[in-house]
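Reading the structure
Chain by chain, the residues:
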Amino acid sequence: MYTFLIGLAVLLVGGFLYANVLQKIFKTNGKNKTIAFAKRDNVDYAPMGKWRNAFVQFKSIAATGPILGPIQGIIFGPIVFLTIPIGNILGGLVHDTYSGLISMRNGGAQVPEMIRRFLGKVTYIILFVLIVVLSLLVGAVFITMPAKLIIGQIEHAPTDISMASNWVLWVVIILIFAYYVVATVFPIHKIIGKVYPTLSVILLSGTIILFVGACTHQTKYMPNIWDVDYTSLAQGGIGLINPGAGHYVPLIFVTITCGMVSGFHSTQSTIVGRAVKNEKDSKLAFSYPMIIEGVITMIWAFIALTMFNGYGSESYNATETNYAAWTSDPTLMIGSAAHTLLWGQDWLAIFIILVVCMEAITVGDTSLRSCRLICAEHFKVEQKLMKKRLIVAVPIFVITGGLMFFGLFFPSGFNYLWRYFAWTDQTTVALTFAFIIIYMMRKREFFYIALIPGAFYAFVSVCFIVGSNKQGINAFVPEVDQWIGWIVAYVLGGLTAGGYIAGLLVYGFKSRNKPGVFIEEPQIQIDIQPNN
């Protein structure tokens with residue numbers, strides 16, 4: 001319990017202090033006329049109140065990532081309570097805040113376009129493909145998963161592949177998909193801007209209720225970091241629940257992404273940036289939602305560790321309600337926690353499960369919306385008219401539907417989607433940090449706050465895809481024929497991180513010394529920001 005409280009204090013105090021530091025380094029200017037007014041079209045560029053923007057950003061980034069990630073990552077034990085705050089502050093805050101602010105200074109450009117401006121066409125093409133794939137995977141995953149959770153409560157059905165033939169499941173999927181269509185093509189302030197603030201309050205309320213339930217039930221099962229046997233650290237095994245769980249780095253940073261650093265967040269910051277009225281509001285719009293998501297992640301890690309240690313052992317209940325089943329399908333633990341920790345109140349349990357479903361649904365819509373904006377920017381299709389928006393959106397819906405079918409009908413289809421969503425997400429993080437670094441170098445600002453986490457996530461991404469025998473390139477080779485081990489992965493990861501630092505420093509210093517090099521679009525100065 002003490003480790004959790006220490007981590008929570010570090011996250012809140014450190015996060016709010018660091019958010020102020022980021023503002024000073026970037027030199028936010030309240031006199032700059034923001035793109036919400038300068039490019040207003042009342043579709044994607046539409047000024048909204050600062051609290052509404054904060055709620056939209058929070059709800060867009062706080063999906064089931066800060067729930068499913070901690071459930072799987074908690075096998076490493078209470079060390080996650082210290083890892084999450086460090087990753088959130090040093091990585092997530094910089095990533096989310098600066099991607100949004102730089103977009104605002106560049107006419108609302110999406111992440112691939114900013115990559116093109118600062119890193120060139122080749123890197124642009126790579127990131128364009130990565131982010132489109134990432135957005136489509138998010139849309140597909142967060143249609144299927146909440147639908148299966150809902151059906152599990154309605155019919156008490158198992159969440160396995162047999163549900164693909166369940167007609168009730170398909171009704172729920174169609175309803176979710178219909179909402180996605182509306183939220184993707186209609187003006188941001190008409191649907192998302194109105195719905196998300198309420199959903200954010202519901203999400204926070206549900207999380208707090210379940211946290212209180214965990215505290216009143218099983219605090220004696222909440223170990224501290226000093227209770228863990230670290231004798232297997234040399235082999236990578238530092239888990240409390242599973243001492244053989246090895247390779248904390250990179251696995252924990254790929255498993256728990258949304259509470260620390262997630263490449264998906266940059267695609268949401270650029271959406272919200274088009275609605276911010278004043279640059280000074282960026283702290284509330286981008287930084288604070290990330291801190292609160294870190295708190296949500298910490299709470300779900302607390303809930304997961306309580307459940308694993310208190311109710312997950314075979315001796316407690318030798319059925320599917322044990323840690324073997326929960327790590328295989330984290331959605332099972334969500335239902336188990338809701339029904340176990342809430343004092344036998346089934347209506348509260350159902351409320352919590354519906355909250356989780358809403359979290360998933362309301363990240364898929366903004367994901368597909370960002371995909372529409374990115375594709376429209378790439379193909380230069382103006383988006384003010386509905387028919388133009390549909391020209392871009394319809395192919396996105398078709399591909400998302402195809403991925404959804406794959407996830408339901410093919411064995412382990414959903415696991416494949418989630419697996420490569422995680423790696424794509426972390427690769428996007430490294431590339432997003434790269435354009436932030438070059439921008440800050442050209443502005444002659446303190447770029448090391450982005451360079452260090454960027455290099456680290458380049459290391460993480462390469463180590464994971466090379467070293468993991470279940471989720472990396474080894475997954476495509478029979479186990480007896482696998483020869484690429486973790487030593488090779490760490491060496492390649494280290495070389496990649498070194499190359500990342502050297503390449504960006506050389507390119508950045510050369511480019512900023514060239515006369516007339518692009519930094520940002522001209523900013524219009526005004527004395528007072530318009531109110532509407």
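Throughout what follows, the structure given in this document is the object of discussion. (Residues numbered from 1 in each chain as written. Predicted model: local features only at pLDDT ≥ 70, side-chain atom pairs only at ≥ 80, totals over all residues. Heavy atoms only, no water.)

What follows is about the overall build of the protein chain. Helix and strand counts for the protein chain stand at 19 helices and zero strands. A buried classification covers 61% of the 532 residues belonging to the protein chain. A separation of at least 24 residues holds for 83% of the contacts in the protein chain among residues at least 6 apart in sequence. Entry remark: accessible area of the protein chain is about 20400 Å², with carbon and sulfur atoms responsible for 68%. (Helix = DSSP H or I, 4+ residues; strand = E, 2+ residues; numbered from the N terminus. Buried < 20%, exposed > 50% of the residue type's maximum accessible area, 1.4 Å probe, protein only. Contact = heavy atoms within 4.5 Å. Areas by Shrake-Rupley, 256 points an atom, 1.4 Å probe, with all protein chains shown as cover.)

The buried fraction of helix H10 (residues 248–255) is high, at six of eight residues. Those residues of H10 that sit buried are Tyr 248, Pro 250, Leu 251, Ile 252, Phe 253 and Val 254.

It is at 9 Å that the axes of helix H4 (residues 65–73) and helix H14 (residues 330–341) come closest, and there the two elements cross at 100°. The angle between H4 and H14 falls in the class roughly perpendicular. Contact residues: H4 offers Ile 67, Leu 68, Ile 71 and Gln 72, while H14 offers Pro 330, Thr 331, Met 333 and Ile 334. (Axes fitted to C-alpha atoms, helices over the stretch in contact; angles between N-to-C directions. Parallel < 35°, antiparallel > 145°, perpendicular 65-115°, else oblique.)

This part takes up the side chain of Thr 428. Take Thr 428: it is sitting in helix H17 (residues 413–442). Sequence-distant contacts of Thr 428, defined by excluding residues within four places in its chain, comprise Leu 127, Leu 130, Ile 131, Leu 134 and Gly 263.

Turning our eyes to something else, we now look at the packing of helix H3 (residues 50–61) against helix H11 (residues 263–272). In the contact formed by H3 and H11, the axes pass within 10 Å of each other and the chain directions differ by 155°. Relative to H11, H3 is oriented roughly antiparallel. Both H3 and H11 take part in a crossing whose hand is right-handed. In this structure, H3 uses Asn 53, Val 56, Gln 57, Ser 60 and Ile 61 to contact H11, whose residues at the interface are Phe 264, His 265, Gln 268, Ser 269 and Val 272. Class assignment for the residues of the contact of H3 with H11 results in four nonpolar, six polar and no charged. (Left-handed = near helix turned anticlockwise from the far one by under 90°. Nonpolar A, V, L, I, M, F, W, Y, C, P; charged D, E, K, R; others polar.)

With respect to the helices and strands, the residue Asn 278 is situated in the loop between H11 and helix H12 (282–311). Polar side-chain contacts of Asn 278 include one of 3.5 Å to the backbone oxygen of Gly 30. (Polar contact = N/O pair within 3.5 Å; in protein donor to acceptor, adjacent residues only side chain to side chain.)

It is worth spelling out the nonpolar core at this point. Residues Tyr 98, Ile 102, Trp 300, Ile 303, Met 333, Phe 435 and Tyr 500 are the most contacted members of the largest nonpolar core, which totals 154 residues. At 17 residues, H12 tops the list of elements feeding residues into this core. (Core = buried A, V, L, I, M, F, W, Y, C linked by side-chain atoms within 4.5 Å.)

Read these as geometric descriptors, not functional statements.
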